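# Examining the three-dimensional arrangement
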Amino acid sequence: MPLSEHEQRMLEQMERALYAEDPKFATALEGSGLRTYTRRRVYQAVAGFLVGIALLMAGMVAQIILISVVGFLVMLGCAVLAVTGWRKAPKPGEQQTLGETAGTAARRQPRQRKSMMNRIEQRWQRRRDEQGH
């Protein structure tokens with residue numbers, strides 16, 4: 001069940017107070033969040049991409065096509081992982097709250113979109129009413 005706006009504001013205030021009072025403890029509670037996980041995933045994908053290049057070159061030097069194909073596939077897979085990991089990473093200014101997980105952030109986002117769509121629909125309806133009267 002998502003938190004109400006008032007509850008979210010209260011949680012954010014509590015989090016800011018915790019960071020102000022004891023930043024070391026707050027950082028320890030934060031743990032390895034989504035941002036750290038995605039950054040690590042991107043770094044692993046880049047390392048895998050480099051391994052793929054090495055395999056591709058080794059296959060070309062040894063004139064063994066299978067090794068080159070495997071190297072290309074490794075490069076392709078790692079490139080996809082790096083791009084998807086990069087897109088999922090939160091922006092530097094964004095940070096999750098201490099109790100927030102990726103699931104709660106994803107659950108909260110459609111509600112915001114829905115409210116935005118409701119506002120747009122209300123404006124559209126208001127304009128239609130103004131023009132009709």
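Residues numbered from 1 in each chain as written. Predicted model: local features only at pLDDT ≥ 70, side-chain atom pairs only at ≥ 80, totals over all residues. Heavy atoms only, no water.

You'll find the chain entered in an unreviewed UniProt entry as DUF3040 domain-containing protein, with Streptomyces amakusaensis given as the organism.

## Some thoughts on the overall build of the chain
Applied cut-off: The numbering of helices and of strands both runs from the N terminus, where a helix is a DSSP run of H or I of at least 4 residues and a strand a run of E of at least 2. Here a residue-residue contact requires only that any non-hydrogen atoms of the pair lie within 4.5 Å. Reported accessibility uses the Shrake-Rupley method at a 1.4 Å probe radius. Residues are deemed covered only where the shown protein chains occlude them.
Check the secondary structure of the chain and you find five helices and zero strands. Mapped from its N terminus to its C terminus, the chain presents α and β elements in the order α-α-α-α-α. If you take every contact in the chain between residues at least 6 apart in sequence, the share linking residues at least 24 apart comes to 61%. Carbon together with sulfur atoms contributes 62% to the accessible area of the chain, which is approximately 10,800 Å² in total.

## Observations regarding unusual backbone geometry
The cut-off we apply is this: A simple rule labels every residue: compare its accessible area, found with a 1.4 Å probe on the protein chains alone, to the largest value its type can have, and call it buried under 20%, exposed over 50%, or partly exposed in between.
One non-glycine residue, Gln-63, lies in positive phi territory at about 55 degrees. Assignment of secondary structure puts Gln-63 in the loop between helix 3 (34-62) and helix 4 (65-88). Here Gln-63 falls in the exposed class, since its relative accessible area comes to 71%.

## With respect to the side chain of Ser-68
Looking at the secondary structure, you find Ser-68 in helix 4. Overall, Ser-68 belongs to the buried group, its relative accessible area being 12%. Not counting residues up to four positions away in its chain, the partners in contact with Ser-68 are Leu-55, Leu-56, Gly-59 and Met-60.

## With respect to the confidence of the model for the chain
Interpreting fine coordinate detail is not advised for predicted regions of low pLDDT. Spelled out, the test is: By definition, pLDDT measures how confident the predictor is in each residue, and it falls between 0 and 100.
Of all residues in the chain, 68% attain a pLDDT of 70 or more, and the chain-wide mean is 76. For residues 96-104, every residue scores under 50 in pLDDT, and the model assigns this stretch 16 contacts once sequence neighbours within four places are set aside.

## Section: the UniProt feature "transmembrane region" (unreviewed entry) in the chain
The condition that has to hold: UniProt positions are given in the numbering used here, feature names are shortened, and annotations may be inferred rather than shown by experiment.
Per the UniProt record, "transmembrane region" (unreviewed entry) is annotated on residues 42-58 and 64-86. When the span residues 42-58 is considered, its composition is 100% helix and 0% strand, and the gap between its end C-alpha atoms is 24 Å.

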